[in-house]
Amino acid sequence: MATVEQAESMTETSKVETLGEEGVRRRDFIHIAAVSWAGVGAAAVALPLVNQMNPSADVRALASIEVDVSAIEPGQAIKTSWRKQPVFVRNLTPAEVAEANKVAIGSLRDPQTLAERTKPGKENWLVTLGVCTHLGCVPLGAAAGEVKGEFGGYFCPCHGSHYDTAGRIRKGPAPLNLEVPEFAFISDTVVKIG
Amino acid sequence: MSFPWANEYKPQHPVMQWVDERLPLPRFVYNAIGGGYPVPRNLNYFWNFGVLAGVALVIQIITGIILAMHYYASVDGAFNSVEHIMRDVNGGWFLRYAHMNGASFFFIVVYIHIFRGLYFGSYKAPREMIWLLGVVIFLLMMATAFMGYVLPWGQMSFWGAQVITGFFSAIPVVGEPLRQWLLGGFAPDQAALNRFFSLHYLLPFVILGVVILHVWALHIPGSSNPTGVEVKTESDTVPFHPYYTAKDGFGLGVFLTIFVLVTFFAPNMLGHPDNYIPANPLSTPAHIVPEWYFWPFYAILRAFTVDFLFIPAKLLGVIAMFGSIALLFFLPWLDTSPVRSGNYRPLFKKFFWFGLIPCIIILAICGVKPAEGKWILLGQLAGAYYFAHFLIILPIVSRIEKTEALPNSITEAVTGQPAAA
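Residues numbered from 1 in each chain as written. Chains lettered and ligands numbered in written order. Predicted model: local features only at pLDDT ≥ 70, side-chain atom pairs only at ≥ 80, totals over all residues. Heavy atoms only, no water.

- Chain A carries the name Ubiquinol-cytochrome c reductase iron-sulfur subunit in an unreviewed UniProt entry, which gives Sphingorhabdus buctiana as its organism.
- UniProt annotates chain A under Catalytic activity (unreviewed entry) with the comment "a quinol + 2 Fe(III)-[cytochrome c](out) = a quinone + 2 Fe(II)-[cytochrome c](out) + 2 H(+)(out)".
- If you open the UniProt record of chain A and go to Function (unreviewed entry), you find "Component of the ubiquinol-cytochrome c reductase complex (complex III or cytochrome b-c1 complex), which is a respiratory chain that generates an electrochemical potential coupled to ATP synthesis." (UniProt positions renumbered as here; feature names shortened; annotations may be inferred.)

## Description of the overall build of chain A
Inference 1: Scanning chain A for helices and strands turns up six helices and nine strands.
Inference 2: Taken across its 194 residues, chain A has 31% of its residues classed as buried.
Inference 3: Sequence-distant contacts in chain A: of pairs separated by 6 or more residues, those separated by 24 or more amount to 51%.
Inference 4: Per element, the accessible surface of chain A, about 11,100 Å² overall, is 60% carbon and sulfur. (Helix = DSSP H or I, 4+ residues; strand = E, 2+ residues; numbered from the N terminus. Buried < 20%, exposed > 50% of the residue type's maximum accessible area, 1.4 Å probe, protein only. Contact = heavy atoms within 4.5 Å. Areas by Shrake-Rupley, 256 points an atom, 1.4 Å probe, with all protein chains shown as cover.)

## With respect to the overall build of chain B
Inference 1: Assigned secondary structure in chain B consists of 16 helices and two strands.
Inference 2: For a compact globule of 421 residues, the expected C-alpha radius of gyration is about 22 Å, and chain B comes in at 24 Å, within 12% of that figure.
Inference 3: When the backbone C-alpha atoms are referred to their principal axes, chain B occupies close to 75 × 60 × 40 Å.
Inference 4: Burial statistics for chain B: of 421 residues in total, 50% are counted as buried.
Inference 5: Within chain B, counting contacts between residues at least 6 apart in sequence, those at least 24 apart form 79% of the total. (Rg over C-alpha atoms; globule rule 2.2 N^0.38 Å.)

## Points about the layout of surface pockets
Inference 1: Space inside the second largest pocket adds up to approximately 960 Å³.
Inference 2: In this structure, the second largest pocket is lined by 27 residues; those nearest its centre are A38(A), G41(A), A42(A), V45(A) and L256(B).
Inference 3: Every element with two or more residues in the lining of the second largest pocket is listed here: α3 (26-51) of chain A together with α3 (49-70), α5 (92-120) and α10 (240-265) of chain B.
Inference 4: At 10 residues, the largest contribution of residues to the lining of the second largest pocket is made by α10(B). (1 Å grid on protein atoms, 1.4 Å probe; cavity = no way out; pocket = protein on both sides within 12 Å on 5 of 7 lines; lining within 4 Å. Points joined across faces, edges and corners; volume = space filled by probe spheres on them.)

## Remarks on the sheet that holds strand β2 (residues 77-82) of chain A
Residue and element names in this part refer to chain A.
Inference 1: With antiparallel pairing, the three strands of this open sheet are ordered in space as β2-β3-β4. Of all the strands in the sheet, just β2 and β4 (125-129) have a single pairing partner and so form its edges. On average, each strand axis in the sheet is tilted by 20° relative to the strand beside it, whichever way the strands run.
Inference 2: As paired elements, strand β3 (residues 85-91) and β4 share five bridges and run antiparallel to each other. Within the sheet, the bridge partner assigned to N91 lies in β4 and is W125. (Pairing = 2+ DSSP bridges. Axes fitted to C-alpha atoms, helices over the stretch in contact; angles between N-to-C directions.)

## Some details on the environment of G77(B)
Inference 1: Residue position: G77(B) is located in the loop between α3 and α4 (78-87).
Inference 2: We classify G77(B) as buried; its relative accessible area is 7%.

## Some details on the state of the cysteines
All names here are of chain B.
Inference 1: Considering all chains together, one arrives at one disulfide over all chains under this definition.
Inference 2: No disulfide involves C359; its sulfur sits 9.7 Å from the nearest other cysteine sulfur, which is in C366.
Inference 3: According to the relative accessible area criterion, C366 is buried, its value standing at 4%. (Disulfide = S-S within 2.5 Å.)

## Comments concerning the pairing of strand β9 (residues 190-193) of chain A
Residues and elements named next belong to chain A.
Inference 1: Burial along β9 is one-sided: V191 and I193 are buried, and none of V190 and K192, which face the opposite way, are.
Inference 2: Where strand β1 (residues 65-68) and β9 come together, four bridges link them in antiparallel fashion. Along β9, the bridge assignment pairs V67 with V191.
Inference 3: As paired elements, strand β8 (residues 183-185) and β9 share three bridges and run antiparallel to each other. Across the sheet, residue F185 finds its bridge partner in β9, namely V191.
Inference 4: Hairpin connection of β8 to β9: four residues between the antiparallel strands.

## Things to note about the UniProt feature "domain: Rieske" (unreviewed entry) in chain A
Inference 1: Those residues carrying the UniProt feature "domain: Rieske" (unreviewed entry) are residues 94-192 of chain A in this numbering.
Inference 2: Regarding residues 94-192 of chain A, the helix share stands at 12% and the strand share at 23%, and the terminal C-alpha atoms are separated by 24 Å.

## Concerning the sheet that holds strand β6 (residues 161-164) of chain A
Residues and elements named next belong to chain A.
Inference 1: One open sheet accounts for three strands, arranged β5-β6-β7; its pairing is antiparallel. Of all strands in the sheet, those with a lone pairing partner are β5 (152-156) and β7 (169-171), marking the two edges. Ignoring which end each strand starts from, the neighbouring axes of this sheet average 35° apart.
Inference 2: Two elements, β6 and β7, share two bridges in a ladder whose sense is antiparallel. When the sheet's bridge partners are listed, H162 is paired in β7 with K171.

## What about empty space enclosed by the protein?
Residue and element names in this part refer to chain B.
Inference 1: In total, this model carries two cavities of 30 Å³ or more according to the counting rule given.
Inference 2: Taken as a whole, the largest cavity encloses approximately 70 Å³ of empty space.
Inference 3: Contributing to the lining of the largest cavity are A299, R302, A303, C366, P370, A371, E372, W375, I376 and G379.
Inference 4: Mapped onto the lining of the largest cavity, the elements with two or more residues apiece are α11 (295-302) and α15 (374-400).
Inference 5: Here the lining of the largest cavity takes three residues from α15, the largest share from any one element.

## Here's the deal with the pattern of salt bridges
Residues and elements named next belong to chain B.
Inference 1: The full count for this structure, using the stated rule, is 17 salt bridges over all chains.
Inference 2: A salt bridge links R27 to D20; the shortest N-O distance between them is 2.8 Å.
Inference 3: Salt-bridge contacts for D335 lead to K124; the nearest nitrogen and oxygen are separated by 3.3 Å. Here D335, found in the loop between α13 (331-334) and α14 (346-368), pairs with K124, found in the loop between α5 and α6 (128-150); they are 211 residues apart in sequence, far enough to count as distant. Across the pair, K124 and D335 agree in class, each one buried. (Salt bridge = Lys/Arg side-chain N within 4 Å of Asp/Glu carboxyl O.)

## Some words on the pairing of β3(A)
Inference 1: Counting buried residues in β3(A) gives five out of seven residues, a clear majority hidden from the surface.
Inference 2: Here β2(A) hands over to β3(A) after two residues, with R83(A) in that stretch at a positive phi of 50°.

## As for the environment of P285(B)
Residues and elements named next belong to chain B.
Inference 1: Position of P285 among the secondary structure elements: in the loop between α10 and α11.
Inference 2: For P285, a relative accessible area of 10% translates into the label buried.
Inference 3: Residues P285 and D274 lie 11 residues apart in sequence; the distance between their C-alpha atoms is 7.5 Å.
Inference 4: Each residue touching P285, except ones within four places of it in the same chain, is listed here: Q155, M156, W159 and D274.

Here it is in structure tokens:
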């Protein structure tokens, strides 16, 4: 703003005209008001320009799926897809449940019990995202014949993270247990994920 | 590049000084649109429209880049992806309507900018290059707008592409092969849509480049002004900033207000409802018209109804339509009057307001009306006047006109007093 310099070059009489009672010039006020208002406008326009990159309504509409689990025998798992991400639904054998329960919680990197990760009375149904919490690869162990890692759960081949039978991180670089999505049994054989 | 009394850039902050010594970008901006560019003190609001056109281009580029994040150029998916933008993408309706109406507003301000130049003689020496680059920008804008209109792949998109590429088939011998080459097929299809998308994304940046040349060329003689009298002394000018940044800022506020009013409350006012019907290569809409900014040229295209001197009417129409823009390249040498501003040219002024302006309006009306009956005749008369205005009337008026006395200087025109030495 060149207003200050101009005011200095003005004659004394015009200075008196433009100076208010407390030495605040009307021109300064109108400049600040105009530029501030333009800033408000720019911010208001920036909002939709940024927000358009968020997931659109059709993507958000993929938020929940229903999975029929009746065909999964104990010891088996299936891969399904929720929000374009793999989801593992695993029917744990009693031995796997027992193994998960006997681990000392305090020794875990991300302490959680199997009960906290499953639904009451359905502790054998482990539902997790098939997304390694390290950098997002799909761990092995859901399909028959795949390596299950040192702890019999899942193994991520990208960077060597081992998950146990409750999908908890036990060894390797991943910081957290495999994420358990929001899910519920809407009948004995149908799981609603999301 | 500027007048000797232009303010010199003096960085206040040591960081700016450091930058300026290594890359004088702040100095460049200061000399281009800051306090270092002396501008005639008497510019009226018609001189806002160059800046407004620049803002319109930036709005188109920003909204366009964003729309391209959600659009896909496929004959099966393009129409649906536009509907996806309208319904699903967060704020997508706003971005698309802003882009759609932004194109119209870009043309509105550019047309006012062009007619400002026509009336005030801004195309005359030493500013011919600015004018020539301006015509190039105008042609690029038309190509960009046309290809953008094809992208939603609605009925008007498809048939617009069919008709416009049909222009090229009028060229003898090579016409039809040329058209097939442009389309990558025998009718607009996937190949055409994909290349139109690619070029529609490219051309705005080409326009931006030519705009930089346009502004560069402008800064050599400096801005023209409503008297057409060249700047002589320092008292004829004021620094661009703050005087014209403030004036352009006000004009920009008015422009944006009208722009958002249309975008929010009448977004489809300037569009055609048929383009909300998916493209159907087997059925032409009953009445196809281009977007409003092409109407006058469309009228000239359709004005030729009979073959003439063995030249088919189809070719004549295409030649006339391109010629109506091409002749603007010769305007600086057709109007030989030494007086620039129409304000001091009584005869020129009459032909401008009562000849050229009504002629363009009539052409625009004929362009949107069906090509039948009186509209053809009216379009032919107005089209004939358009060419006569530039090719016959302007050169003659330049010779016979007795112009009014020009003020001795801009300062004298503004204050009534001669400029102090």
